[in-house]
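Each chain, letter by letter, is given below.
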Amino acid sequence: MDLPSSTSRSFLGKRGFSEDECVALSDHEDGTASGRRSPVRRRLGEQREADTDDDESCVFSKLIREGGCTPSLSEGGGYVVENSRKLRNFLEARLVSSGPDRLRQQFLKALEKRLSDPELLRRLLLPLGGATHGLLPTGESLVRILLNIPILQSVLMKMLLEKLPEHITEADEDSAQQPDAPFTSPGGVPVVYSLPRLIINQFRWLDFIIDGPALTRKLLEIVPICPLLIKRDIIGILPEVIVDADHELVVRALEDLLDEDTRLVASVLDAFANLTLAEELTLQVVFKAMNSLRTADADDLPVVVRFLLQSTTPCTFREVVQEIRRNLNFLTFENPSESSKTAKWKQKAVSAYSEALVLEAIRYVLRFRKELCDVFLKEIKAVERQKNHKVIDFWVLLVVHANGGLHRKAAETILRKKIVQGQLGDYLLQSSIHKKAESLKDYFPTLLNISETFMRAREAAVRQFACKTYALLFESFADSYHRQEVLAALITHTGSVNNEEVGPSMETLVSLATTFPHELLPFANFIKGILDFLDGFKDRNLHQVYDLFSRLMVAGKVQPGSCSESSVGEDLTITIQKQIKHPDVKYRYMGIIGAVKLVEHLGSLDGPTGSNGQVDMVDEALSLVQVAVDSCQSIPTARALLYSELAALVEHRKLAPKVLEWISSCSNELEVLFLDNLVDGKPEHEYSDFGNLEGEIWMNLDGEEAPVLLNALPLLVADNVRSAQRLTFLPAMFQLMAAVERAISNGSMDNIDALLGCPLNMFDYKVLAPEAWRKLSRHEKETVCLALFFAINWFRELLNSFSTQVQGFGDRLTQATMEETSVKLISRLRNIVVLEHYLNVCLKSLPPSFSLPDLNNPLGDLHPSAGSDPNTAAGIDDARKRGKTEDVKRGKPGRPKSKGVEHDENVAPSKNAQKSKKDEDTGSQKAKRQLTLAETLKRSSATQDGESGRDVGETTGGGMIKSSKEKESSGNGEGASVEVQREKMRPLNLSAMTILSLQKKSVGNCCPDPAAQVVMFNVPSPCYGFWVF
């Protein structure tokens, strides 16, 4: 029970309290200070202090009470003072004006007794006004007030520092091993409230220091015996207490401490940074910091880097930069001593934070030290080998770019040149960004800006670098905000008018959909906006767009959930259906590409698993393609595109049996539409109404054993317009048939090998004689040219398909079959050369308005005109009808109205015409000599590389070759030679070129004279003179 008020007052009065204090304190006993401990318990806690006062030392308590300072009534508190400045002035006046040292000695003696008691010492060290609740005590304590009294400072400092080692406990030692732990003492007392740290804290920011050298030496004397945290605190206050004369002493002592314990590097360097050192000492500490860079912990690296960059002088710029580049690799910060999973996880988290601080330190210094920025850029620029570049190089360029100013353009230029020269490889980019989201969070806008700029670059390597950067940013920054920013930038690129920018951006989106389909699904509604701008995409980009959405559709079906996931498939299906049924051919082309791409992802064996779900998806895809087939029956170019797309699909993907069977049915029409049986060496069906063109069988490599022939001329001269149109998609249909056959028969084409040697139903060769040629109408001449053109493309596609048998399946074929196939391939190659020669001469006699159909790129620019196009089969029929009309108007068959192409016999030829005639006569004499085998092969090579010189071609999509002459003639739709219109022919695959390396033995029986050109048909030798007009 609490004592009665009267008893308490009597008790307090005997202990030396005044009457007013007794009344105030007794009021607390009556409950006026609710929430505080009872007066008896409080007084019992204070009695310890009173018991320390004897008759000589009670002056301490009396003096501080007279100055307005009393013990705090709160539990664990220090002292309460009304005015700290008033207390300081009061004590200083009393102790100084007392005359002899008697009062001062009594005061210091009483204070020394209190310092010997840990509990009373803590009360003296805690801030005035009660206990603090933060980790760092703030405000003045009673000891700090006493330290600011000149007459007491030196003696009191010595007392405190002598008491410091006595109060080092096991808790302080443990805190050195766990510096991040906020509570380590058994009683839950914060480490910062430990007596040693409280003592050191009293020396911070004093108004003055009476004897700085003595204090410095005393601090340096006790540092070696202190634990880590106490050492850091002592090192931290050294710059505040030392004088200039002691700088060298302190630097030497701190260097020794750093050699003993590298964990002190941050504190030591902070102390160095706050000292005003001479140039010699500055160089000394800089080199010391450079050496510590190799052994510093991850948490200390930001301090080391900042100190080096801030303290270095122009004479050490280059050395400091080289040392930073040499020791900061940022690949790992794992501590080998950490073995537990928790410790490893914590260390990795710290490393990411440290990386961010290092970057911030570099950015801060380079922002103000421009000359140091120049040194960094110069050093990075001087690195020439890819393996010598490090992550810090890329990050410094990133930091300089983020700082802006004049150096931003320089950093971007260096980065661009490094990419073009191949000095910044994929591994370095991966190491710089992958899983570095926490470190590079502040530099995400900079990375995005660099990627946007590089995506518009002319160099392909720079654009590829931007693509990889976008992909790494999407992967590393997993939050929705950053990923949406990446996708927004990529979608913006897809709307560019520069196709070199559109292609890589779409490629990146497809790559993300392939690698992270489910991560991309939440942004489906954001990406679907691309479908609204399909009109602006080229052929290759359309494939990428449909590839992207097909992958998202498959991902949504495999893992359904949100509305956006299901809407992707619905929107894609609706878009394709609208395009397929659109009256504009351009949109039908788009629908065909989309439908086939959907089949590729829904009908492949490596697609989504699950029996029922997969069957439903396959049926859905096939239904779309069937609609596409039905819609393009009357459009030959659309059918050609469909067959080419399906052929590429079969060639590159393993399809479900049901899908492969359906695709196979699409190519079965080839026999019905284009082939006719041979009976006794003659066509089974008789064809008439050829006009001046009589039918003749050409280039039969199988002789009497040939079962079928290709109807080229009959289809061209048929009254039915659609018959002539069929030849436009013949090569594409055969390409599909060959691809399906190889897929079904494990690469073999034995079931359709009769097509390699089957003859052509063409016109009589005699029409090529000059007299007979002049008698032909323009329509008939165009028919001859078209027949030659379609025959050339038929043979080219035969070479593309059957060359795979010699190249990839030679070990599976018998010797006889191998030789027979090789002979036929070489013969077909010669056939192409001769037919192109025929076509070249025939085209020169036609006006430039005549244009061959484009069998290589039926899409064109995806913007066909409303009228008939001469590049289409319908255009062919229009040109043929136009030729007939013009012949009727002229009244004389075979007499063209256009001047300069064929001249009237009654008109005297001009000088140019005479010269041309002379050249023709010379060419006629040369043409009478048959080409040797070597010349034929050389001519066939010139077919790809150009007839004049050996221009190096470039590979196009699907492994096709296009010569530089073809590129030069691109965009010139009309011309008077084969070379100008060669790009309209079906290109030869790279595999077709392997037949040029066949042994002579394989082609020795191609004709009676191995060195001569094969005889294409039985004609008298003089008839070869008819080839040139």
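Every value quoted in this text rests on a predicted model; they were computed, and no experiment measured them.

Draft legend 1. Broad picture of the overall build of the protein. If you tally the helices and strands in the protein, you get 46 helices and nine strands. Classification of the 1029 residues of the protein by burial places 53% in the buried group. Within the protein, contacts between residues separated by at least 24 positions form 74% of all contacts whose residues are at least 6 apart in sequence.

Draft legend 2. A look at a negative patch on the surface. Side chains of Glu112, Glu162, Glu166 and Glu221 sit close together on the surface and give a patch of like negative charge. The topology assignment puts Glu112 in helix H6 (residues 102-116). Given a relative accessible area of 39%, Glu112 falls into the partly exposed group.

Draft legend 3. Quick peek at the nonpolar core. Counting 274 residues, the largest nonpolar core has Leu548 and Phe763 as its most contacted members. A per-element tally of this core places helix H41 (residues 778-808) first, with 15 residues. In this structure, Phe763 is in contact with Leu693, Glu694, Glu696, Trp698, Leu713, Leu768, Val784, Ala787 and Leu788, ignoring residues within four places of it in sequence.

Draft legend 4. Representation of the pattern of salt bridges in the model. Counted under the stated rule, the structure contains 34 salt bridges. Taking the shortest distance from any N to any O, the salt bridge between Glu782 and Arg778 comes out at 2.9 Å. Pair noted here: Glu782 and Arg778 are both in helix H41, with a separation of four residues, about one helical turn. Using a relative accessible area of 9% as the deciding quantity, one classes Arg778 as buried. Members of the salt-bridge network, linked through shared partners, are Lys409, Glu412, Arg416 and Glu459.

Draft legend 5. Main features of helix H27 (residues 499-515). Over its 17 residues, H27 runs 24 Å from end to end, which matches the ideal 24 Å to within 8%, given 1.5 Å per residue. The set of residues buried in H27 consists of Glu501, Val502, Gly503, Pro504, Ser505, Met506, Thr508, Leu509, Val510, Leu512 and Ala513.

Draft legend 6. Looking closely at the sheet that holds strand S5 (residues 695-698). Pairing within the open sheet is mixed, and its five strands lie in the order S4-S3-S6-S7-S5. Each end of this open sheet is capped by a strand with a single partner; those strands are strand S4 (682-683) and S5. By the bridge criterion, two bridges tie strand S3 (residues 675-679) to S4 in an arrangement that is antiparallel. In the strand pairing of S4, Val679 is matched with Lys682.

Draft legend 7. Region of the structure containing the confidence of the model for the protein. Looking at the protein as a whole, the pLDDT averages 75, with 71% of positions reaching at least 70. Throughout residues 1-48 the model reports pLDDT below 50, and contacts reaching past four residues in sequence, or to other chains, amount to 45 contacts. Per-residue pLDDT stays below 50 along residues 1000-1029; that stretch engages in 66 contacts with residues further than four places along the chain or on separate chains.

Draft legend 8. Representation of the packing of helix H22 (residues 406-420) against helix H25 (residues 460-476). Two elements in contact, H22 and H25, have axes whose closest approach is 8 Å; the angle formed by their N-to-C orientations is 105 degrees. Of the possible angle classes, the one that applies to H22 and H25 is roughly perpendicular. Judged by residue contacts, Leu415, Arg416, Ile419 and Val420 of H22 engage Ala461, Val462 and Phe465 from H25.

Draft legend 9. Geometry of unusual backbone geometry. Even without a glycine there, the phi angle at Trp205 is positive, about 55 degrees. In this fold, Trp205 is placed in the loop between helix H11 (195-201) and helix H12 (212-222). A positive phi angle, close to 60 degrees, is found at Asn746, a residue other than glycine. Within the element layout of this structure, Asn746 appears in the loop between helix H38 (721-744) and helix H39 (754-757).

Draft legend 10. How the structure looks around the packing of helix H26 (residues 480-494) against H27. In contact at an axis separation of 8 Å, H26 and H27 are set at 140 degrees when each is read in the N-to-C sense. The orientation of H26 with respect to H27, classified from their angle, is oblique. Like other packed secondary-structure pairs, H26 and H27 cross with a definite hand, here left-handed. In this structure, H26 uses Leu487, Leu490, His493 and Thr494 to contact H27, whose residues at the interface are Glu501, Val502, Ser505, Met506, Thr508, Leu509 and Leu512. Classifying every residue of the contact of H26 with H27 by side-chain character gives six nonpolar, four polar and one charged.

Draft legend 11. Structural context of the side chain of Ser292. With respect to the helices and strands, Ser292 occurs in helix H16 (residues 279-292). For Ser292, a relative accessible area of 7% corresponds to the buried category. The residues contacting Ser292, other than those within four sequence positions of it, are Leu258, Val265 and Val304.

Draft legend 12. Broad picture of the packing of aromatic side chains. According to the stated counting rule, one finds 14 aromatic pairs in the structure shown. Between Phe734 and Phe802, the aromatic rings sit 6.2 Å apart at their centres with planes inclined by 25 degrees, giving stacked as the arrangement. Separated by 68 residues along the polypeptide, Phe734 in helix H38 and Phe802 in helix H41 bring together distant segments of the chain. Grouping aromatic residues by their ring pairs yields a cluster made of Phe394, Phe454 and Phe465. Across the ring face of Tyr79, the terminal group of Arg123 is positioned such that the distance to the ring centre comes to 6.0 Å.

Draft legend 13. Quick look at the side chain of Asp854. Within the secondary structure layout, Asp854 lies in the loop between helix H42 (815-843) and helix H43 (873-890). Although Asp854 lies buried, it forms no salt bridge, and the closest oppositely charged side chain, Lys984, sits 6.5 Å away as judged by the N-O distance. A distance of 3.1 Å separates a polar side-chain atom of Asp854 from the backbone nitrogen of Asn856.

Draft legend 14. Representation of the pairing of strand S6 (residues 708-711) within the structure. Across three bridges, the pairing between S3 and S6 is antiparallel. Each residue of the ladder has a partner; that of Leu675, found in S6, is Leu710. Two strands pair when backbone bridges link them, and S6 and strand S7 (residues 760-763) are joined in this way by two bridges, in the parallel orientation. Considered in S7, the bridge of Asn711 is made with Asn761.

Draft legend 15. Here's a closer look at the environment of Asp300. As for its placement among the helices and strands, Asp300 is situated in the loop between H16 and helix H17 (301-311). Judged by relative accessible area, which is 8%, Asp300 ranks as buried. Linking Asp300 and Leu264, residues 36 residues apart in sequence, is a C-alpha distance of 8.8 Å. Here Asp300 is in contact with Thr262, Arg263, Val265 and Ala266, once residues within four sequence places are set aside.

Draft legend 16. How the structure looks around helix H20 (residues 370-382). Between its first and last C-alpha, H20 extends 19 Å over 13 residues, near the 18 Å set by a 1.5 Å rise per residue. Taken residue by residue, H20 has Leu372, Cys373, Val375, Phe376, Leu377, Glu379 and Ile380 as its buried positions.

Draft legend 17. Main features of the environment of Leu730. Within the element layout of this structure, Leu730 appears in helix H38. Separated by 94 residues in sequence, Leu730 and Pro636 place their C-alpha atoms 9.5 Å apart. Discounting chain neighbours no more than four positions away, the residues touching Leu730 are Leu670, Phe674, Leu710 and Trp794.

Draft legend 18. Looking closely at the environment of His493. Position of His493 among the secondary structure elements: in helix H26. Counting along the chain gives 38 residues from His493 to Met455, while the straight-line C-alpha distance between them is 7.9 Å. Residue contacts for His493: discarding those within four places in its chain leaves Glu452, Met455, Arg456, Tyr470, Glu501, Val502 and Ser505.

What counts and what doesn't
- Residues numbered from 1 in each chain as written.
- Predicted model: local features only at pLDDT ≥ 70, side-chain atom pairs only at ≥ 80, totals over all residues.
- Heavy atoms only, no water.
- Helix = DSSP H or I, 4+ residues; strand = E, 2+ residues; numbered from the N terminus.
- Buried < 20%, exposed > 50% of the residue type's maximum accessible area, 1.4 Å probe, protein only.
- Contact = heavy atoms within 4.5 Å.
- Patch = residues over 30% accessible without salt bridge, like charges linked within 9 Å, V, L, I, M, F, W, Y side chains within 5 Å.
- Areas by Shrake-Rupley, 256 points an atom, 1.4 Å probe, with all protein chains shown as cover.
- Salt bridge = Lys/Arg side-chain N within 4 Å of Asp/Glu carboxyl O.
- Lys, Arg positive; Asp, Glu negative; His and termini not counted.
- Charge placed at Lys NZ, Arg CZ, Asp CG, Glu CD.
- Core = buried A, V, L, I, M, F, W, Y, C linked by side-chain atoms within 4.5 Å.
- Expected span 1.5 Å × (residues − 1).
- Pairing = 2+ DSSP bridges.
- pLDDT = per-residue confidence, 0-100.
- Axes fitted to C-alpha atoms, helices over the stretch in contact; angles between N-to-C directions.
- Parallel < 35°, antiparallel > 145°, perpendicular 65-115°, else oblique.
- Left-handed = near helix turned anticlockwise from the far one by under 90°.
- Nonpolar A, V, L, I, M, F, W, Y, C, P; charged D, E, K, R; others polar.
- Phe/Tyr/Trp six-rings, centres within 6.5 Å; stacked < 30°, edge-to-face > 60°.
- Lys NZ or Arg CZ within 6 Å of the ring centre and 35° of its normal.
- Polar contact = N/O pair within 3.5 Å; in protein donor to acceptor, adjacent residues only side chain to side chain.

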